[in-house]
Amino acid sequence: MATHVKRAFKYRFYPTDAQAAELSRTFGCVRKVYNLALAARTEAWYQRGERVNYNATSAMLTAWKKTEELAYLAEVSSVPLQQTLRHLQTGFVNFFAQRAKYPRFKSRKKSRASAEYTSSAFRYKDGRLTLAKMTEPLGIVWSRPLPEGAKPSTVTVSRDAAGRWFASVLCDDPAVKPLTATDTAVGVDVGLDHLLTLSTGEKIANPRHERRDRDRLAKAQQNLAKKAKGDGANRAKARRKVARVHARIADRRRDMLHKVTTRLVHENQVVVIEDLTVRNMLKNHSLARAISDAAWHEFRTMLEYKAQWYGRELVVLDRWFPSSKLCSTCGTLADKLPLNVRTWTCDCGTIHDRDVNAAINLKAAGLAVSACGAGVRPRRRKPGGQSAMKQEVPRSDPGRASGGRP
């Protein structure tokens, strides 16, 4: 593990009118260059069978700036334009490696407005950050200090749908280092009635952030639907109100997940979870809204990088592991266990809370995997797309239709 971890610190800032105009122009130019380069690379491949790399698109950018039609590209900092070409190159590398889909064109209304500046295009000194083409530093609200002696390597400026401006500063964080090893482990079962159930028997309530603001969101959406479609000021204002409600929900959800995942990683050497296919589970329209609000995927993502930061081990078990139906006392596998059954009694006489029993089984199986040195288990597949552990579940198992959660 590296001595220092690269970490992004995100801050909100309030630009002056001149800064907002400059950044808006930069966002537009970044989007334009990305789309032009993507179009050129797509045409070269499908019409002439040629591959165009970053160096070629960089030369194209120089030529575009010299044309009358695209001369405005030279009015903004060249660094964000070069960075977006690098991002496009990364997108193609991931596509050809089958890690991502084919890069898509950026939309003015739907795509994230952002620009990335490397160290040659900004100046950071004494808590003041000044970007290229600007004379004044950004009005950043330093909600927490950067690490002592930090030297930012990149700064990403963005504006969200709610009209809020953010600066994400990437730098080394010497405070992130492996924690003292412990002998504790925990199994974590995610759910909807309770967000998390731990193998210790503790249940963490599901705050249901989206449901709490559902009335406010519905009112804002109804107001937006009444506005005439187009680029009118009233419709834009109504759209921002909807975005603000969504941003409030997302901020509270993210804050809660950060607190929970940090606690789990700090208290336990091994954390065990299930490999749930959230994308497939969202196809259940009666539960999709609640599953999205629970943010299971974001929970796992946070656990993954925090476990790596602090020298902990995250074990991800196959989703077909029958954690709920397996008796944690005698090992008997129940034949059927519908989702509405929250408590069940095993033939050995043990009365199980469904979620606590699942968490205990996850912990036991995860420790077995950890003892073999497997760590985070990759998603292995047999020919035909089957899971490598699928044979452990009886073929009559009705839980398969629910993504491994019987």
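All of these numbers come straight from a predicted model, not from anything done at the bench.

## Thoughts on the overall build of the protein
A tally of regular secondary structure across the protein gives ten helices and 15 strands. On the principal axes, the C-alpha backbone points of the protein span a range of 80 × 55 × 50 Å. Residues classed as buried in the protein amount to 44% of the 406 residues present. Partitioning the contacts of the protein with sequence separation of at least 6, the portion at a separation of at least 24 is 71%. Taken as two groups, the 73 positive and 38 negative side-chain charges of the protein have centres that lie 5 Å from each other.

## Some points on the pairing of strand β8 (residues 194-198)
Burial of β8 is extensive: four of the five residues sit out of reach of the surface. Judged from the three bridges that link them, strand β7 (residues 185-190) and β8 form a sheet pairing that is antiparallel. The residue bridging Val 190 from the neighbouring strand is Leu 196, located in β8. The antiparallel pairing of β7 with β8 creates a hairpin that spans three residues between the two strands. Hairpin geometry of β8 and strand β9 (residues 203-205) is characterised by an intervening segment of four residues between the two adjacent antiparallel strands and by a positive phi of about 100° at Gly 201.

## Quick notes on the nonpolar core
Counting 41 residues, the largest nonpolar core has Phe 13, Leu 23, Leu 73, Leu 81, Tyr 117, Leu 131 and Val 157 as its most contacted members. Breaking this core down by element, the ones donating at least two residues are β1 (5-13), α1 (17-48), α2 (54-65), α3 (78-96), β2 (113-118), β4 (128-131), β5 (154-159) and β6 (165-173). Among the elements that line this core, the one with the most residues is α1, at nine residues. Those residues in contact with Leu 23 that sit more than four places away from it in its chain are Phe 13, Tyr 117, Leu 131, Met 134, Val 157 and Trp 165. Within the second largest apolar cluster, 32 residues are counted, among which are Val 186, Ile 204, Met 281 and Leu 314.

## Describing the domain arrangement of the protein
By domain assignment, the protein separates into domain 1 (5-173) and domain 2 (178-206 + 250-376). One C-alpha centre belongs to domain 1, the other to domain 2, and the line joining them spans 37 Å.

## A look at the pattern of salt bridges
As enumerated under the stated definition, the model contains 20 salt bridges in all. Close ionic contact of Asp 213 with Arg 248 constitutes a salt bridge, the shortest N to O distance being 2.9 Å. Separated by 35 residues along the polypeptide, Asp 213 in the loop between α4 (209-212) and α5 (214-225) and Arg 248 in helix α6 (residues 233-267) bring together distant segments of the chain. Classification of Asp 213 by relative accessible area gives buried; the value is 5%. Taking the relative accessible area as the measure of exposure, Arg 248 reaches 37% and is therefore partly exposed. The partner of Arg 300 in a salt bridge is Glu 304, with the nearest N and O atoms 2.9 Å apart. Residue Arg 300 and its partner Glu 304 are both found in helix α9 (residues 296-309); the two are separated by four residues, about one turn of the helix.

## Comments concerning the sheet that holds β2
One open sheet accounts for four strands, arranged β1-β6-β5-β2; its pairing is antiparallel. In this open sheet, the two edge strands, each paired with only one partner strand, are β1 and β2. Put simply, the sheet's adjacent strands are angled 20° from each other on average, direction ignored. Pairing analysis gives nine bridges linking β1 to β6, with the strands arranged antiparallel. In the strand pairing of β6, Phe 9 is matched with Val 169. Packing of α1 onto the sheet brings it into contact with β1, β2, β5 and β6, and relative to β2 it is tilted by some 95°.

Cut-offs used in this document
- Residues numbered from 1 in each chain as written.
- Predicted model: local features only at pLDDT ≥ 70, side-chain atom pairs only at ≥ 80, totals over all residues.
- Heavy atoms only, no water.
- Helix = DSSP H or I, 4+ residues; strand = E, 2+ residues; numbered from the N terminus.
- Buried < 20%, exposed > 50% of the residue type's maximum accessible area, 1.4 Å probe, protein only.
- Contact = heavy atoms within 4.5 Å.
- Lys, Arg positive; Asp, Glu negative; His and termini not counted.
- Charge placed at Lys NZ, Arg CZ, Asp CG, Glu CD.
- Pairing = 2+ DSSP bridges.
- Core = buried A, V, L, I, M, F, W, Y, C linked by side-chain atoms within 4.5 Å.
- Domains from an automatic or database assignment.
- Salt bridge = Lys/Arg side-chain N within 4 Å of Asp/Glu carboxyl O.
- Axes fitted to C-alpha atoms, helices over the stretch in contact; angles between N-to-C directions.

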